[in-house]
Every structure is written in structure tokens, then in C-alpha cells.
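Here's the letter readout for the chains.
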Amino acid sequence: MAEPQVLSPVSCVPVITIDGPGGAGKGTISRLLARRLGYAWLESGALYRALALAASRQRVALDDVVGLSDLAGWLDVRFTTDVHDRAHILLAGQEVTDTLRAEACGDAASRLAAIPAVRTALLSRQRGFRRPPGLVAEGRDMGSVVFPDARLKIFLTASLKERARRRYKQLLDQGIGANLNDLLNELAGRDERDAARSVAPLRPSEDAVIIDSTGLGIDEVLARVLRLADDV
Ligand code: C5P
């Protein structure tokens, strides 16, 4: 007879995953959702971006598999929130929130994210964000690899043009200069690389609910996600 499965307390903590391509609105929606539910929030892309920044600062090349996986193992990155509920990311104690948003950082992140040993080194760190009363985790493989037992899995997407426009506006709002055409090409290149890699490729898991947010406002998407969260 099969042994009864004993669930550890952490696996009882509910997780909602939001995966999808860059610029689809995952960051905004997952942060708002986490706030509404009182859950913790994991922006997994920031971990890959922070690793890319640390690698560039320490002159570890993007094809140095051993150097990058070592760095991923002891990466000193911390996520904090200020009194206005704004997220801040610290690398080795230094604020890097805006630096991480630059498309060059996203591009480097997507290159090192294709290395299996790097992904393995970041796995337990990501799972460590799961704590009561729950977690909203956003990225590319949250539902498929990191939290396969998530209570609700969403794949949030939008047309390439709309995603480039949103990224453009987001960067300008943060005072970071950008060119719409360059952004469109960079996002397209990153999507292609993320979808084509052999480990954790960007694609909806079979049990994910797909939401196309093209033409939808933040409030409409959030309302849809909240309804789905209520139903599970
Ligand atoms: O989501 P964001 O644009 O910050 O992610 C930057 C890059 O990090 C992505 O293009 C992707 O290659 C990688 N990434 C990943 N898996 C995740 C989150 C991000 O491979 N869970």
C-alpha cells in the first residue's frame, strides 16, 4: 500500500503564479494582487537581472557557466519595501532598482537565464519566498518549474507592439531614456531566446489560464485575476 503523503507546512502555503513575456504587465498585476491578498511577492526576473548586473560588475563573462552559477549561489540581493509601499532591490547593500530596469540588463539576464546550472542555483532561493499567508510569484517558469503545485497559474501576455509601448512608457516615467523601435526589437529577441531555450522555456503550462491583456487596462486585468483567485 502506498505511504500516505505528508505535506510539510510550507507546501500548504498557497501560491499564485503569473508568467509571461516581458512587458505584459506581470510586475504591476502581481504586485497589486499581492497587496490585495496580503501575500508576499516574488519578482523572479529581478533575480536574473541582479545576477546579470553583478556579473558585469565583477567581470564574469555571460558565457562563463561556472563563474555565473557560483555567483548565483551567493548573490547578495535583497528585496525591501519603503513606507510608500514602493519596492526596492539592493545588490550587496546598494540600491539598484532603476539600474535593473534598463533593457540592456534584461537582455543580459535572458542570456544567462538560458544556462541550466544558473537556474538550478536560483531555485531554492525563489522557493524561500513561500511563506504564510501566501505568495504571488511572477516570471517565466513560476507555474511550470518553481511552484508546480501553485493554486492558480496565470499566463499573462499582450501583443509585441503593446508590450513595447508599455515598457517605453514605464522607462520614461522612471526618467530612463528609451527608443520605441529599439525596445520592440529587444523584446522580440528576448522572447525568442526565452521561448527557444532548452530549460524552462517561456510557454504556458497546461494548467495555466491565459489572459491576453492587449487593449485592457490594469484595473480590468486585476479584476479578472481576482475573480479567478476567488474561484480556486
Ligand atoms: O521579467 P524580466 O523582464 O525582469 O526578466 C528578465 C529575463 O530574466 C527574462 O527575459 C528571462 O530570460 C529571465 N527570467 C527567467 N525566468 C524567470 C524570470 C526571468 O528566465 N522566472
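S.K.: I keep staring at the packing of aromatic side chains and nothing clicks. Help me out?
M.R.: Each aromatic ring pair is characterised by the separation of its centres together with the angle its planes make. Counting across every chain of the model gives 1 aromatic pair. Residues phenylalanine 79 and phenylalanine 129 carry aromatic rings whose centres are separated by 5.6 Å and whose planes lie at 80° to one another, so their mutual orientation is edge-to-face. Of this pair, phenylalanine 79 sits in strand S3 (residues 77-81) while phenylalanine 129 is found in the loop between helix H6 (116-127) and strand S6 (135-139), placing the two residues 50 residues apart along the sequence. Under the relative-accessibility criterion, phenylalanine 79 is labelled partly exposed at 29%. By relative accessible area, which is 14% here, phenylalanine 129 ends up buried.

S.K.: Which parts of the structure should I look at to understand the side chain of aspartate 194?
M.R.: For aspartate 194, the position within the fold is in helix H9 (residues 180-196). Aspartate 194 has contacts with Ser110, Arg140, Pro201 and Leu202, leaving out every residue within four places of it along the chain.

S.K.: What should I look at first to understand the confidence of the model for the protein in this one?
M.R.: The predicted coordinates ought not to be read in detail in places where the model reports low pLDDT. Across the protein, the average pLDDT comes to 91, with 97% of residues at or above 70. Per-residue pLDDT, averaged within each element of the protein, yields its smallest value for S3 (88) and its largest for strand S1 (residues 15-19) (98).

S.K.: How should the sheet that holds S3 be read in this particular structure?
M.R.: Two orientations exist for strands paired in a sheet by backbone hydrogen bonds: parallel and antiparallel. The strand order S3-S4-S5 describes an open sheet built from 3 strands, whose pairing is antiparallel. In the strand order of this sheet, the two ends are held by S3 and strand S5 (94-95), each with one partner. In this sheet, strand S4 (residues 87-91) lies alongside S3 in antiparallel orientation, the contact comprising 5 bridges. Counted as the bridge partner of threonine 80 is histidine 88 from S4. Against the sheet, helix H2 (residues 44-57) contacts S3, S4 and S5, and its axis sits at roughly 35° relative to S4.

S.K.: Would you mind showing me how to read the sheet that holds strand S2 (residues 40-43) here?
M.R.: Reading across the sheet, the 5 strands line up as S2-S6-S1-S7-S8 and stay open at both edges, with parallel pairing between neighbours. A strand with exactly one partner marks an edge of an open sheet, and here the two such strands are S2 and strand S8 (209-212). The sheet shows a mean angle of 20° between the axes of neighbouring strands, direction not considered. Relative to S6, S1 runs parallel, the two sharing 5 bridges. Opposite isoleucine 16, over in S6, you have valine 136 as the bridge partner. The strands touched by helix H10 (residues 218-231) are S1, strand S7 (152-157) and S8; relative to S7, the strand with the most contacts, the crossing angle is about 160°.

S.K.: Sorry, what's going on with the nonpolar core here?
M.R.: Within soluble globular proteins, side chains that are nonpolar generally end up buried alongside one another. Membership of the largest hydrophobic core comes to 27 residues, with the highest contact counts inside it found for Leu91, Leu112 and Val118. Only H2, helix H3 (65-74), S4, helix H5 (103-112) and H6 provide two or more residues apiece to this core. Sort the elements by how many residues they give to this core and H2 lands first, with 9 residues. Each residue touching leucine 91, except ones within four places of it in the same chain, is listed here: Ala50, Leu53, Ala54, Arg57, Leu75, Asp76, Val77 and Val96.

S.K.: Hey, could you run me through the packing of H2 against H5 in this one?
M.R.: Close contact between H2 and H5 brings their axes to 8 Å; oriented N to C, the two are set at 100°. As the angle between them shows, H2 and H5 are arranged roughly perpendicular. Contacts from Tyr48, Arg49, Leu51, Ala52 and Leu53 of H2 reach H5 at Cys105, Gly106, Ala108, Ala109 and Leu112. In terms of residue class, the contact of H2 with H5 is built from 8 nonpolar, 1 polar and 1 charged.

S.K.: Teacher, can you tell me more about the site of the ligand here?
M.R.: Surveying the vicinity of the ligand reveals 16 residues, the closest of which are Arg49, Arg119, Arg140, Arg190 and Asp194. Within the contact set of the ligand, an oxygen atom lies 2.6 Å away from a side-chain nitrogen or oxygen of aspartate 194. Bound to the protein, the ligand loses 97% of the 460 Å² it would expose on its own. For the shell around the ligand, the element with the highest residue contribution is H2, accounting for 4 residues.

Parameters at a glance
Every chain is numbered on its own, with residues counted from 1 as its sequence reads. Thresholds applied to this predicted model are a pLDDT of at least 70 for local features of residues and 80 or more for the giving and counting of side-chain atom pairs; totals over whole chains, interfaces and linings are not thresholded and use all residues. Heavy atoms from the whole structure form the basis of all side-chain values; hydrogens and water molecules are not counted. To pair, rings of Phe, Tyr and Trp, with the six-membered ring standing in for Trp, must have centres within 6.5 Å; the planes then decide the type, stacked if under 30 degrees apart, edge-to-face if over 60, and tilted in the middle. Secondary structure elements are defined from DSSP: runs of H or I of at least 4 residues count as helices, runs of E of at least 2 residues count as strands, and each element is numbered from the N terminus. Classification of residues uses two cut-offs on accessible area relative to the type maximum, computed with a 1.4 Å probe and protein chains only: under 20% is buried, over 50% is exposed, and between them is partly exposed. Contacts are residue-level and defined by heavy atoms, with any inter-residue pair within 4.5 Å sufficient. A score from 0 to 100, pLDDT tells how confident the predictor is in each residue. Strand pairing is assigned whenever DSSP identifies at least 2 bridges connecting the two strands. Axis geometry follows a simple rule: fit a line to the C-alpha atoms, using only the stretch in contact for helices, then measure angles between N-to-C directions, giving values from 0 to 180 degrees. Residue types Ala, Val, Leu, Ile, Met, Phe, Trp, Tyr and Cys, when buried and joined through side-chain atoms within 4.5 Å, form a set referred to as a nonpolar core. Angle categories are assigned with fixed cut-offs, so that under 35 degrees is roughly parallel, over 145 is roughly antiparallel, 65 to 115 is roughly perpendicular, and the rest are oblique. Any residue outside Ala, Val, Leu, Ile, Met, Phe, Trp, Tyr, Cys, Pro, Asp, Glu, Lys and Arg is labelled polar, Gly included; the first ten of those are nonpolar and the last four are charged. Near residues are defined by distance, with any heavy atom within 4 Å of the molecule or strand qualifying the residue. Identification of polar contacts relies on pairs of N or O atoms within 3.5 Å, with a donor-acceptor requirement for protein atoms, meaning one able to donate a hydrogen and the other able to accept it, and with residues adjacent in sequence counted only if both atoms are side-chain atoms. In this description, accessible areas are obtained by the Shrake-Rupley approach with a 1.4 Å probe, and a residue is regarded as covered only by the protein chains that are shown.

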